[in-house]
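Observations on the three-dimensional arrangement
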Amino acid sequence: MTATLQSRPFRVITQLDISRIPQLQRLDPDFVLSMKAVASVLPFRANNYVLEELIDWSNIPADPIFQLVFPQPGMLQPQDLASMRALIAAGAPRPRIIEAAREIQHRMNPHPAGQKQLNVPEMDGEPVAGMQHKYRETVLFFPQAGQTCHAYCTYCFRWAQFVGIEDLKFASGSPQTLVRYVEQHPEVTSVLFTGGDPLVMNSKILRQYVEPLLGMKHLLSIRIGTKSTAYWPYRFVNDPDSDDLLRLFEQVDRSGKNMAIMAHFSHPRELQTDIAREALARLANANATVRCQAPLIRHVNDDWRCWSEMWREQIRHNAIPYYMFVERDTGPKEYFKVPLARCLEIFQKAYATVSGLGRTVRGPSMSCTPGKVVVDGVTEIQGQKVFVLKFLQGRDPQWSGRIFFAAYDENAAWLDDLKPALGETRFFFEPELEAMKASGNARVWQKPGFPGLLEEN
Ligand SMILES: *Cc1c(COP(=O)(O)O)cnc(C)c1O
Ligand code: SF4
C-alpha cells in the first residue's frame, strides 16, 4: 500500500456523502440505491484513510474492507430492503424514512443477551453509569466522550447505540465514578476502556480518566479497546496530540502498570500500510503492549489464510494475537453469520500455520451471558460427536477453565443453538446462572465466603 507517513486531516464520511463519493460513481446506480436504503437503517461512518488507503476499489463489492465498512444490500431482509428503497427512490420526507427505519431496527435484536441488566454494578445502591463488571478481575468502562469511532464496522454489536435507539445513559461514565468504584473494589486488577472507541477522545480528556488510576496499587493494567490502529493510525503518529497520547502511555508504564492496547484488527490489510506499521512501532516505543482481537465475519475474514496472514503480520509488528470472536446475534447477523463448526475449522487451520508466538490467540470464542466460551474442538465420546467447549471467563470465576460438551450441530452459530451432550439435559452452569438472574446479583465473588482472588478455590 502507498500510504505515506505524512499527516492527514481527518475527514468523516457519512450517509449523506454516499452520492458524492467519487469511487462509488462507477457502481451500478441500483446498488448505490440499496446502499442508501441500508445506511438509513444501520450505522454508516467511514473516513478518508479507509476510503483512500484500505479499500481496493477494483474489487467492489467483494472487497473485505468495503464489506467491513460500507452498507450491503444483503444486510436487510428482502422486503425491508424493498420498502426502504421505495421510500428513498420516491424522495420520501426524512421523518417518514426515519419512522420506517425504526420499525426495522426494533426487529433486529438491538439489545442482545440481556447483558446490561446483569453486568452493570451498583454503588451506594444505585447502578453505576458507564460501567460493566461481569468478570471479577476486569471492569469495562465507557467514557462519556468516547462513544463514537473513526469509522463504523458494519457488524458492530453496538449498532443500536450508533443509530440512537439505545439509551446512552448507561453507556457513558465520568472519571469520578470510575475512580470511586475501582477504589472500592480491590478485586479489580484491570480497567478496560471501551466505547465506541475511546481514542476518538483527545489526549487531554483521556488523561483525566487514566491519571487518577495510576496510584491504585491493586491495578495491574490499564487497557484501551480501540480500532484506531486500523481505522486511523495517524492517532499514534502525527495527529496534533499524538505525542501527548504516547506520553500518557509511557506514564502508565512508569507507574508500574501495564498499558495494553486491545487492537481490533479484522483483516491483514489493516496492518500493511506504512502508517499502521509506524503506529505499532511507536506504541512499542512507548512501552505499550498491543494485543489483537476481532470477530470472524462472513464476507470479511471467513478464510483461514486471512487469519494466518493477519497473525503473522501481528507477530512481525510487536502485536500479540489475543482473541478470535464469534459474531454476536444482533443486527445483520444473518449476513455475517459463520457456524461454529466452520469457525473452528478456520481457527484450527490458521493456528497450525503460526509458531508458538502466534498461539497466544484463543478462539473461536463467544461472549455470551454465562461468560466467554471457546469452541476448543470436535471429538467423539461414547459414540457421540460433540463440541468440546471451555470457559475462558465465567460470571462465576470458578467456571473459568472448565470444560463441557455440547452435541455437535453443523448449523449452530451461538451457545443458545447448542444442546448438552452425553444424555445430560442442562449445561452445568445453567442452574447457577438462573439463580443469578433471579436474584439480580450476578457478582457472586462479592458474596460473603466466596474465595478471594489469591485464595485457593
Ligand atoms: C472480554 C471481556 C472482558 C475482558 O476479558 P479478558 O479475557 O480479560 O480479556 C471483560 N469484561 C467483559 C464484559 C468482556 O466481555
Ligand atoms: S470500532 Fe468497535 S465499537 Fe466501533 S464500530 Fe467497530 S466494532 Fe463497533
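Structure shown above.
Below: a short report on this structure.

How each quantity is defined
- Residues numbered from 1 in each chain as written.
- Chains lettered and ligands numbered in written order.
- Predicted model: local features only at pLDDT ≥ 70, side-chain atom pairs only at ≥ 80, totals over all residues.
- Heavy atoms only, no water.
- Buried < 20%, exposed > 50% of the residue type's maximum accessible area, 1.4 Å probe, protein only.
- Helix = DSSP H or I, 4+ residues; strand = E, 2+ residues; numbered from the N terminus.
- Pairing = 2+ DSSP bridges.
- Salt bridge = Lys/Arg side-chain N within 4 Å of Asp/Glu carboxyl O.
- Axes fitted to C-alpha atoms, helices over the stretch in contact; angles between N-to-C directions.
- Parallel < 35°, antiparallel > 145°, perpendicular 65-115°, else oblique.
- Contact = heavy atoms within 4.5 Å.
- Near = heavy atom within 4 Å.
- Nonpolar A, V, L, I, M, F, W, Y, C, P; charged D, E, K, R; others polar.
- Polar contact = N/O pair within 3.5 Å; in protein donor to acceptor, adjacent residues only side chain to side chain.
- Areas by Shrake-Rupley, 256 points an atom, 1.4 Å probe, with all protein chains shown as cover.

Notes on the pairing of strand 12 (residues 362-368)
Burial analysis of strand 12 places six of its seven residues in the buried class, which makes it a mostly covered element. Where strand 11 (residues 319-326) and strand 12 come together, two bridges link them in parallel fashion. Residue phenylalanine 325 lies in a different strand from strand 12, and its bridge partner there is serine 365. Two successive antiparallel strands, strand 12 and strand 13 (residues 371-381), enclose a turn made up of two residues.

Focus: the pattern of salt bridges
Scanning the entire structure with this criterion turns up 25 salt bridges. The partner of aspartate 30 in a salt bridge is arginine 85, and the shortest N-O contact between them spans 2.7 Å. Within this pair, whereas aspartate 30 is found in helix 1 (residues 29-39), its partner arginine 85 is found in helix 4 (residues 78-89), the two being separated by 55 residues in sequence. The partner of aspartate 243 in a salt bridge is arginine 282, with the nearest N and O atoms 3.8 Å apart. Residue aspartate 243 is located in helix 11 (residues 242-254), and its partner arginine 282 is located in helix 12 (residues 274-285); the two are separated by 39 residues in the primary sequence. When its relative accessible area of 26% is taken as the criterion, arginine 282 is described as partly exposed. Linked by salt bridges that have partners in common, Arg8, Arg11, Glu52 and Glu53 make up one network.

Quick look at the packing of helix 4 against helix 5 (residues 94-106)
Between helix 4 and helix 5, the least distance of the axes is 10 Å, while the angle of their chain directions is 170 degrees. By the angle between their directions, the pair helix 4 and helix 5 is classed as roughly antiparallel. Of helix 5, the residues touching helix 4 (which contributes Asp80, Met84, Leu87 and Ile88) are Arg96, Ile97, Ala100, Ala101 and Ile104.

Remarks on the site of ligand 2
Lining the immediate environment of ligand 2, one finds Cys149, Tyr152, Cys153, Cys156, Phe162, Gly196, Lys227 and His264. Here the shell around ligand 2 is composed, by residue class, of five nonpolar, two polar and one charged.

Things to note about the pairing of strand 6 (residues 138-141)
As paired strands, strand 5 (residues 131-135) and strand 6 are joined by three bridges and run antiparallel to one another. The residue bridging methionine 131 from the neighbouring strand is phenylalanine 141, located in strand 6. The hairpin turn running from strand 5 into strand 6, its antiparallel successor, is two residues long. Alignment of strand 6 against strand 7 (residues 190-193), held across four bridges, turns out to be parallel. Each bridged residue has a counterpart across the sheet, and for valine 139 the counterpart in strand 7 is valine 191.

Observations regarding the site of ligand 1
Neighbouring residues of ligand 1: Lys134, Tyr135, Thr138, Leu140, Arg223, Tyr322, Tyr323, Lys372 and Gln393. Contact between ligand 1 and tyrosine 323: an oxygen atom at 2.6 Å from a side-chain N or O atom of the residue. In this structure, an oxygen atom belonging to ligand 1 sits 2.8 Å away from a side-chain N or O atom of lysine 372. For ligand 1, the protein covers 88% of the area, taking 390 Å² as the surface of the free molecule. Sorting the residues of the shell around ligand 1 by element identifies strand 5, strand 6 and strand 11 as the ones contributing at least two each. A class-by-class count of the residues in the shell around ligand 1 yields four nonpolar, two polar and three charged.

A closer look at the side chain of glutamate 313
With respect to the helices and strands, glutamate 313 occurs in helix 13 (residues 304-316). For glutamate 313, a relative accessible area of 6% corresponds to the buried category. With residues up to four places along the chain from it excluded, the contact list for glutamate 313 reads Leu271, Gln272 and Arg277.

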